[in-house]
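So the chains spell out like this:
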Amino acid sequence: MSTIAENIAKVRARIREAAQASQRDWTAIGLLAVSKTKPAKAVREAHVAGLRDFGENYLQEALGKQQELADLDLIWHFIGPIQSNKTKQIAEHFDWVHSVDRLKIAQRLSEQRPAHLPPLNICLQVNVSGEASKSGCTADELPALAQAVTQLPQLRLRGLMTIPEPTDDAHEQHRAFARLRELRDNLNLGLDSLSMGMSHDLEAAIAEGATWVRIGTALFGARDYGQTQN
Ligand SMILES: *Cc1c(COP(=O)(O)O)cnc(C)c1O
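Scoring rules and cut-offs
Residues numbered from 1 in each chain as written. Predicted model: local features only at pLDDT ≥ 70, side-chain atom pairs only at ≥ 80, totals over all residues. Heavy atoms only, no water. UniProt positions renumbered as here; feature names shortened; annotations may be inferred. Helix = DSSP H or I, 4+ residues; strand = E, 2+ residues; numbered from the N terminus. Buried < 20%, exposed > 50% of the residue type's maximum accessible area, 1.4 Å probe, protein only. Contact = heavy atoms within 4.5 Å. Expected span 1.5 Å × (residues − 1).

An unreviewed UniProt entry annotates the protein as Pyridoxal phosphate homeostasis protein originating from Aquipseudomonas campi. Quoted verbatim from the Cofactor (unreviewed entry) field of UniProt, the annotation for the protein is "pyridoxal 5'-phosphate".

Encoded structure:
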């Protein structure tokens, strides 16, 4: 087995165990492989080992990989901060966007989503830790934003996403993820997705209801940011 295949087996085992511990069906938890800064070859290897969903943060890097991997049937998720001048290509080249945190970006994505493609799946990114510097809308802004996004014809609002302040304190991890679940439930929009949990905290996220865990390091190893461009 390749290292990536071994890592996938380990992450899957962690997901299954965490699901069992909270009496959840592990097949309801999607493994989103975060391939940012990693070469197309790593994505190809992960696909051979059974993964289909890949998450990218940097548009130009993602477009290059998509071209190299056009022979594969992959599902691409955009998970990074979105500038207005990037929305057209994101709308054209991705299946999901997890990082929408303001209406202007949502409107542009809807307008620019090509008519021949199905509506773009959207998660709204929420800042549950209250840090001023982080991306994500606030809990106060969320209801109006969610309501408005449901009205956009070429988007399909699926749920919420968060990147909590990193912490090793399991109690804090649970609290942040439980908060996202409550926010989702309080919206009462029938949203099926919670995108939460990364390499170091996927267990807490699954216990609190994650439907996507976004895993980079545990699958592909540590990242080297030297080559990255937006
Ligand atoms: C990089 C990244 C991840 C993956 O993080 P790891 O700790 O490497 O698993 C998940 N989500 C987002 C939004 C990211 O930018």
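Further notes follow.
Novice: Just checking my understanding: could you explain the UniProt feature "modified residue: N6-(pyridoxal phosphate)lysine" (unreviewed entry) in the protein for this structure?
Specialist: UniProt's feature table lists "modified residue: N6-(pyridoxal phosphate)lysine" (unreviewed entry) at K36, given in the numbering used throughout. Here K36 lies in the loop between β1 (30–34) and α2 (40–48). Among the residues examined, K36 registers a relative accessible area of 12% and is labelled buried. What K36 contacts, discounting residues up to four positions off in sequence, is G55, E56, N57, Y58, E61, K65, R223 and Y225.

Novice: Teacher, can you tell me more about helix α1 (residues 3–21) here?
Specialist: A turn of α-helix holds 3.6 residues, and therefore any two residues three or four places apart point the same way. When the terminal C-alpha atoms of α1 are compared, their 27 Å separation across 19 residues agrees well with the 27 Å that a helix rising 1.5 Å per residue should span. On its buried side, α1 packs onto β1, α2, α8 (202–207), β8 (212–215) and α9 (217–220). Note on α1: the residue one or two positions beyond its end, Q23, has a positive phi of about 50 degrees.

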